[in-house]
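What follows is each chain in one-letter form.
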Amino acid sequence: MSTHEHHDHGHDHSHGHAHDHTTFQPDIREPSEEWEFLEIALRELLIDKGVITAREVQDQIEAWEKKSPEGGARVVAKAWTDDGFRQRLLEDGNAAVAELGFEIEALKLVALENTDDLHHMVVCTLCSCYPRPLLGVPPLWYKSREYRSRAVREPRAILAEFGTELPETTEVRVVDSTADCRYLVIPRRPDGTEGMSEAELAALVSRDSMIGTATAFAPDGEGRSG
Amino acid sequence: MTERAISDLGGLPGGPIDTAEHEPTLSERRVDAMMMLLRAKPRSFWATDENRRTIEGLEPKTYAESAYYERWVLAMRGLLIEKGVLSETEIEAKLSEVRARHAEAGQ
Amino acid sequence: MTGPYSIGAKVKVSQGLPPGHVRTPLFLRGREGEVIRHFGDFPNPERLAYGLSGLPKLHLYQVLFTMDETWEGDGAYAPGDTVTADIYETWLEPL
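Residues numbered from 1 in each chain as written. Chains lettered and ligands numbered in written order. Predicted model: local features only at pLDDT ≥ 70, side-chain atom pairs only at ≥ 80, totals over all residues. Heavy atoms only, no water.

Novice: Before we go on, may I ask you to explain the sheet that holds strand 3 (residues 171–176) of chain A in this structure?
Specialist: What links the strands of a sheet is backbone hydrogen bonding, and the strands pair in either a parallel or an antiparallel sense. One open sheet accounts for 7 strands, arranged 2(A)-3(A)-4(C)-3(C)-2(C)-1(C)-5(C); its pairing is mixed. Edge strands, defined here as strands with exactly one partner in the open sheet, are strand 2 (118–123) of chain A together with strand 5 (92–94) of chain C. Strand-to-strand twist of the sheet, defined as the mean angle between neighbouring strand axes without regard to direction, takes the value 35°. Pairing analysis gives 3 bridges linking strand 1 (residues 10–13) of chain C to strand 2 (residues 32–42) of chain C, with the strands arranged antiparallel. For Lys10(C), the partnering residue across the bridge sits in strand 2 of chain C and is Glu34(C). (Pairing = 2+ DSSP bridges. Helix = DSSP H or I, 4+ residues; strand = E, 2+ residues; numbered from the N terminus. Axes fitted to C-alpha atoms, helices over the stretch in contact; angles between N-to-C directions.)

Below is the structure:
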């Protein structure tokens, strides 16, 4: 993949919008592939024709950057500490997360509770359905051919690759997100976390534990590798 | 005989999962943002399912070899033409212009 | 009010192989499972995919399958492990 020193931002300036050179600095790479040229071509045509504006694209990018697994972790920590909330979350995910300020339109949010006996692991074998409002943009591996193929057939092998060992007596339930639901796993609350605050608990809730390829971190830092 | 859709992967064999984290590039973010803008109200040019159908309609080789957002931008191109928002001719013309501009800038 | 199937109903996924956009994965076609949840009704995605309204809406269920029913021993799972998918009523048959 070639990179070029010279950055061509003329198309942004030509539409009269101040281009913030700092926003994407770590990621700036000169487009070099055909699909990236296609992205530029479609965007410029849509802007020229007044279908969308450069500002809207920028705002949309920034709005999505604010969504991250920290949102989901807040929801989980609340469920761990507030039994009423936990019940409401399991019964009607959309209404419960709205209490915390998360708007999930159009899709049905379904929370799955992991216990000693039952461990949920979520996949989308047909595309890449993911609870983006609560977890942000999915990691590459979640969208990968390998994960989407193998998760429903080799869940124990995949869990092992993620460093997650569960006893045979725990039912591993792979949840294929094939339709209008988006699934959030509530990992099992780790032992030894009694008396911890919601914020302290939220720090134990990793993204992968809310997908179900991992468990929540132990309070002593165990399982935090990688 | 069974026709497996190219996107229907459940149960197929596969190698180890590459769990390396990836920070989305600017191009990827822009594709994502545009897709959301075009699909959402007030524009509502197409439904998510039309997007999926279009991706599944890519040639199997293209589907297998292209990255996630590459498939998205190809689907976006197809849907913008299908819905009459842009024409194939104007996209090709613009694409030539973008390639030329890039070649010049890269000198 | 859970549509044609009640929670706990035993069902079989249709074997059908229609062309076009389908939301029932191939690996579950013809497999027998149990309805464990009813999600309500949603516009038919297999029509929405072609620019249609998707109406009338369809009932959507979470259906549970044992790994053994699904893979007949050929997979990396423990005896009690399961898999679920969200399946629209048009893809299910009563058992």
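Novice: Just checking my understanding: could you explain the interface of chain A and chain B for this structure?
Specialist: Reports of interface size often rely on the accessible area that becomes lost once the parts have come together. Each side of the interface is counted separately: chain A has 58 residues, and chain B has 57 residues. Each partner contributes to the roughly 5300 Å² buried at the junction of chain A and chain B, and carbon and sulfur atoms together form 62% of this total. For Glu56(A), the salt bridge goes to Arg43(B), with nearest N and O atoms at 2.7 Å. Here chain A is connected to chain B by 18 residue pairs in polar contact (both at pLDDT 80 or more). At the level of secondary structure, the elements contributing two or more residues to the side of chain A that touches chain B comprise helix 1 (10–13), helix 2 (34–48), helix 3 (54–65), helix 8 (140–143), helix 9 (145–150) and helix 10 (155–161) of chain A. The biggest single contributor to the side of chain A that touches chain B is helix 2 of chain A, with 14 residues. Of the residues belonging to the side of chain A that touches chain B, the class tally is 26 nonpolar, 8 polar and 24 charged. (Contact = heavy atoms within 4.5 Å. Buried area = accessible area lost by both parts, 1.4 Å probe. Salt bridge = Lys/Arg side-chain N within 4 Å of Asp/Glu carboxyl O. Polar contact = N/O pair within 3.5 Å; in protein donor to acceptor, adjacent residues only side chain to side chain. Nonpolar A, V, L, I, M, F, W, Y, C, P; charged D, E, K, R; others polar.)

Novice: Sorry if this is basic, but what is going on with the domain arrangement of chain A here?
Specialist: The domain architecture assigned to chain A consists of domain 1 (34–66) and domain 2 (69–211). Here domain 1 of chain A and domain 2 of chain A have C-alpha centroids that lie 31 Å from each other. (Domains from an automatic or database assignment.)

Novice: What am I meant to see in the packing of aromatic side chains here?
Specialist: Here the distance between the centres and the angle between the planes together describe a pair of aromatic rings. Residue and element names in this part refer to chain A. The final tally for this structure, using the stated rule, is 11 aromatic pairs over all chains. Between the aromatic rings of Trp 141 and Tyr 147, the centroid separation amounts to 4.9 Å while the plane-to-plane angle is 80°, which identifies the pairing as edge-to-face. Judged on exposure class, the residue Trp 141 and its partner Tyr 147 are both buried. Pairing Trp 141 with Phe 162 gives two aromatic rings, centres 4.7 Å apart and planes at 65°, and the pair type is edge-to-face. (Phe/Tyr/Trp six-rings, centres within 6.5 Å; stacked < 30°, edge-to-face > 60°. Buried < 20%, exposed > 50% of the residue type's maximum accessible area, 1.4 Å probe, protein only.)

Novice: Would you mind going over helix 4 (residues 69–81) of chain A with me for this structure?
Specialist: Think of an α-helix as 3.6 residues a turn; residues three or four steps apart then line up on the same face. All names here are of chain A. Between its first and last C-alpha, helix 4 extends 18 Å over 13 residues, near the 18 Å set by a 1.5 Å rise per residue. Residues of helix 4 that are buried include every one of Gly 71, Gly 72, Ala 73, Val 75, Val 76, Ala 77, Lys 78, Ala 79 and Trp 80, and no others. For helix 4, the elements touching its buried residues are helix 5 (83–91), helix 6 (93–99), helix 7 (132–135), strand 4 (181–186), helix 11 (198–202) and helix 12 (207–211). (Expected span 1.5 Å × (residues − 1).)

Novice: Teacher, can you tell me more about the interface of chain A and chain C here?
Specialist: Counting residues at the interface gives 29 residues for chain A and 28 residues for chain C. Across the chain A/chain C interface, buried area totals approximately 2300 Å², and carbon plus sulfur atoms make up 51% of it. Seen at the junction of chain A and chain C, the total is 2 salt bridges. The closest approach of N and O atoms between Asp74(C) and Arg153(A), which form a salt bridge, is 2.9 Å. At the boundary of chain A and chain C, one finds 17 residue pairs in polar contact (both at pLDDT 80 or more). Looking at the side of chain A that touches chain C, the elements that each hand over two or more residues are helix 5, strand 1 (108–113), helix 10, strand 3 and strand 4 of chain A. Residue contributions to the side of chain A that touches chain C peak at 6 residues, all from strand 3 of chain A. A per-class count over the side of chain A that touches chain C returns 15 nonpolar, 4 polar and 10 charged. Bridge count for strand 3 of chain A against strand 4 (residues 82–88) of chain C is 4 bridges, and the pairing is parallel. The residue bridging Arg173(A) from the neighbouring strand is Thr82(C), located in strand 4 of chain C.

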